[in-house]
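Below are the chains, spelled out letter by letter.
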Amino acid sequence: MLVATKPEKASPSVQERVWRVAVEPVELLTAAPQLELYGRVETPDLLRATAPASAWVTEVLVQDGDVVAEGDVLLRLDERDFEPRIAQVEAEIADLEAQIASEKNRFETDRLALEQEQRLLKLAQDAVERQQRLKTQQVGAEQALDDAKRTEAQQQLTVTNREMSIADHPSRLRGLEARLASAKARLAELRLEFERATLKAPYDGIVTGVEVTEGDQVTKGEALVRLYATESLEIRARIPAPYQDEMIEAVKQDLSLSASATIGGESLQLRFDRLAGEADPSGVDALFKLDGDPTLLRLGQLLTVSLERPMREAVVEVPFRAVYGGGRIYLVEDGRMRGIDVESLGTRISAAGEERLLVRSDQLAAGDALVTTHMPNAIEGLRVAIVGAEPAGSSREPTPTPTPAPGPSPEPDVAEATSGAPDSPN
């Protein structure tokens, strides 16, 4: 009876918990994802100035790190080490020029002498003919004929030698002229070495090293100063393998890609110039030119480069805290969370200066309510209540409100998170 008549206890009602979240509207953009790279400053124009000849160093006017302008004197060698060699070759040239003049005079003399000797030869030949007629008439002596023939032969030999001397004149003249040309070339070389004894900057650049000091004796080819042209500086950065095909396609389409880097609080604008000729499994190197003051950079300096990749359409900027597992976000629909798988395209600095992730999905539409509060237990269908947006960059967890006491009251807006709350798949 007691059991049958005991008062009945009301069963507690089970209420669904509601999480408070901040949202922001989805905005479809046409934007360029940014790729963060790590680059190194290089130059193809690293000059290694060497000594033009063996000499003593008399003056050094620059130090490592000096910025020089085109034509500035960097270093001087002792001019007295060059002047004696120049004087010696100049004397050799004067001697060869005198020999050439003498050869030309000799040729004129031989030519005039040949005319006279040919006349003498004609007279000797006439004498031989006369003696032969006398001998035929038996009035001339045999000895006289022999003497006439001997005189003719000697004069013929003289004419032949003179003709050979005249014929050899062009060869002798060319030989002397060749020796003169060689001496003049040697003189030009020595004068060039003498000119280079005062080492000047061939372009605007920065000195990277001075190998000698005043009083040093250097040999030909020994390094003196190293410097590079500031205008030739470029930044080499490795493009990761997943983005390699994208960059190659951008080169084929001749797309203009810009980049930026920051040094000492100053932003440097870069432009993509070309891809390196070789690649490896980790990626391919990209080379960037600097648009701005090159004196802010130094050879070998390491930089963080932000590359503007090709433009993409219908992309959405989302904060990193809104992304789960690198490829899933949540929208609020009818008070509940709906998960969407998205494609991550890269990062981008927003107008507010915040780094955000660019994502894309065909299921995203302009105006959708994107959940920006990071939920530790985010799952499909979780009931949420939209509150005011959190401050940019905030990563605090959503704060549940205690569940009201059971009873006949309206369904609560928020509830306390307990161990019975859904677990996050992330």
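None of these values were measured; they are calculated from a predicted model.

## Focus on the overall build of the protein
Then comes step 1: Across its full length, the protein carries four helices and 23 strands.
Then comes step 2: Counting over 426 residues, the protein shows a buried share of 36%.
Then comes step 3: Here the contacts in the protein between residues at least 6 apart in sequence split such that 77% fall between residues at least 24 apart.

## Quick notes on the pattern of salt bridges
Where charged atoms from two side chains of opposite charge come close, those side chains can pair.
Then comes step 1: If you walk through the whole model with that rule in mind, you get 29 salt bridges.
Then comes step 2: A salt bridge links Lys-220 to Glu-193, with the nearest nitrogen and oxygen atoms 3.8 Å apart. Of this pair, Lys-220 sits in the loop between strand 10 (217-218) and strand 11 (223-229) while Glu-193 sits in helix 3 (residues 169-195), and the two are 27 residues apart along the sequence.
Then comes step 3: Taking the shortest distance from any N to any O, the salt bridge between Asp-273 and Arg-274 comes out at 2.6 Å.

## Focus: the pairing of strand 1 (residues 19-25)
Then comes step 1: Pairing analysis gives four bridges linking strand 1 to strand 23 (residues 384-387), with the strands arranged parallel. In the strand pairing of strand 23, Trp-19 is matched with Val-384.

## Examining the sheet that holds strand 6 (residues 67-68)
Then comes step 1: On the basis of which strands lie adjacent, the open sheet formed by four strands has the order 4-11-9-6 and antiparallel pairing. The two strands at the open ends of the sheet, each matched to only one other strand, are strand 4 (46-50) and strand 6.
Then comes step 2: Note that strand 4 and strand 11 share five bridges and pair antiparallel. Bridging from a neighbouring strand, Leu-47 pairs with Leu-227 of strand 11.

## Re unusual backbone geometry
Then comes step 1: The phi dihedral of Asp-254 falls on the positive side, at around 55 degrees, and the residue is not glycine.
Then comes step 2: For Asp-254, the position within the fold is in the loop between helix 4 (244-252) and strand 13 (258-263).

## Examining the packing of aromatic side chains
Then comes step 1: This model, assessed by the stated rule, comprises three aromatic pairs.
Then comes step 2: Relative to Phe-194, the ring of Phe-82 has its centre 6.3 Å away and its plane inclined at 70 degrees; by these criteria the two rings are edge-to-face. With Phe-82 in the loop between strand 7 (73-77) and helix 1 (83-136) and Phe-194 in helix 3, this pair connects stretches of sequence that are 112 residues apart.
Then comes step 3: According to the relative accessible area criterion, Phe-82 is buried, its value standing at 1%.
Then comes step 4: Using a relative accessible area of 28% as the deciding quantity, one classes Phe-194 as partly exposed.
Then comes step 5: Seen in terms of ring centroids, Phe-272 and Phe-288 are 5.9 Å apart; in terms of plane orientation they differ by 70 degrees. Their pairing is edge-to-face. Here Phe-288 lies in strand 15 (residues 283-291) and Phe-272 lies in strand 14 (residues 266-280), a separation of 16 residues in the sequence. Per residue, the accessibility class of Phe-272 equals that of Phe-288, and both read buried.

## A word on the packing of helix 2 (residues 142-167) against helix 3
Then comes step 1: Put simply, helix 2 and helix 3 touch, their axes get as near as 4 Å, and they point 35 degrees apart. Across the interface between the two elements, Ser-165, Ile-166 and Ala-167 from helix 2 touch His-169, Pro-170 and Arg-172 from helix 3.
Then comes step 2: Residues belonging to the contact of helix 2 with helix 3 are distributed by class as follows: three nonpolar, two polar and one charged.

## Some points on a negative patch on the surface
Then comes step 1: Taken together, the side chains of Glu-70, Asp-72, Asp-204 and Glu-231 make up a negatively charged region of the molecular surface.
Then comes step 2: As for its position among the elements, Asp-72 is in the loop between strand 6 and strand 7.

## Remarks on the sheet that holds strand 8 (residues 198-200)
Then comes step 1: The four strands are arranged 8-7-5-10 in an open sheet whose pairing can be described as antiparallel. In this open sheet, the two strands that pair with only one neighbour each are strand 8 and strand 10.
Then comes step 2: As paired elements, strand 7 and strand 8 share three bridges and run antiparallel to each other. Of the residues in strand 8, the one forming a bridge with Leu-75 is Leu-199.

## Thoughts on the packing of helix 1 against helix 2
Then comes step 1: At a closest axis distance of 8 Å, the pairing of helix 1 and helix 2 adopts a crossing angle of 160 degrees. Taken together, the axis directions place helix 1 and helix 2 in an arrangement best described as roughly antiparallel. By crossing handedness, the relation of helix 1 to helix 2 is classed as left-handed.
Then comes step 2: Among the residues making up the contact of helix 1 with helix 2, the classes are represented as 13 nonpolar, nine polar and 10 charged.

## Quick word on the environment of Glu-142
Then comes step 1: Inspection of the secondary structure puts Glu-142 in helix 2.
Then comes step 2: Classification of Glu-142 as partly exposed rests on a relative accessible area of 42%.
Then comes step 3: The spacing of Glu-142 and Gln-132 is 10 residues in sequence and 8.9 Å in space, taken between C-alpha atoms.

## Re the side chain of Asp-78
Then comes step 1: Its place among the elements puts Asp-78 in the loop between strand 7 and helix 1.
Then comes step 2: Not counting residues up to four positions away in its chain, the partners in contact with Asp-78 are Trp-56 and Thr-58.

## A few points about the nonpolar core
Then comes step 1: Membership of the largest hydrophobic core comes to 26 residues, with the highest contact counts inside it found for Leu-37, Ile-235, Leu-270, Phe-288, Leu-297, Leu-303 and Leu-307.
Then comes step 2: If you tally residues by element for this core, the top one is strand 15, at four residues.
Then comes step 3: Those residues in contact with Phe-288 that sit more than four places away from it in its chain are Leu-37, Glu-234, Ile-235, Ala-237, Ala-259, Leu-270, Arg-271, Phe-272, Asp-273 and Leu-307.
Then comes step 4: Core analysis: the next-biggest nonpolar cluster, separate from the first, contains 20 residues, Val-57, Val-68, Ala-201 and Val-218 among them.

## With respect to the side chain of Glu-317
Then comes step 1: For Glu-317, the position within the fold is in strand 17 (residues 312-318).
Then comes step 2: A polar contact is formed between the side chain of Glu-317 and the side chain of Arg-348, at a distance of 2.2 Å.
Then comes step 3: Not counting chain neighbours up to four residues away, the residues in contact with Glu-317 comprise Glu-24, Leu-29, Arg-348, Ser-350, Arg-356, Leu-357 and Leu-358.

Reading the values: rules and limits
Residues numbered from 1 in each chain as written. Predicted model: local features only at pLDDT ≥ 70, side-chain atom pairs only at ≥ 80, totals over all residues. Heavy atoms only, no water. Helix = DSSP H or I, 4+ residues; strand = E, 2+ residues; numbered from the N terminus. Buried < 20%, exposed > 50% of the residue type's maximum accessible area, 1.4 Å probe, protein only. Contact = heavy atoms within 4.5 Å. Salt bridge = Lys/Arg side-chain N within 4 Å of Asp/Glu carboxyl O. Pairing = 2+ DSSP bridges. Phe/Tyr/Trp six-rings, centres within 6.5 Å; stacked < 30°, edge-to-face > 60°. Axes fitted to C-alpha atoms, helices over the stretch in contact; angles between N-to-C directions. Nonpolar A, V, L, I, M, F, W, Y, C, P; charged D, E, K, R; others polar. Patch = residues over 30% accessible without salt bridge, like charges linked within 9 Å, V, L, I, M, F, W, Y side chains within 5 Å. Areas by Shrake-Rupley, 256 points an atom, 1.4 Å probe, with all protein chains shown as cover. Lys, Arg positive; Asp, Glu negative; His and termini not counted. Charge placed at Lys NZ, Arg CZ, Asp CG, Glu CD. Parallel < 35°, antiparallel > 145°, perpendicular 65-115°, else oblique. Left-handed = near helix turned anticlockwise from the far one by under 90°. Core = buried A, V, L, I, M, F, W, Y, C linked by side-chain atoms within 4.5 Å. Polar contact = N/O pair within 3.5 Å; in protein donor to acceptor, adjacent residues only side chain to side chain.

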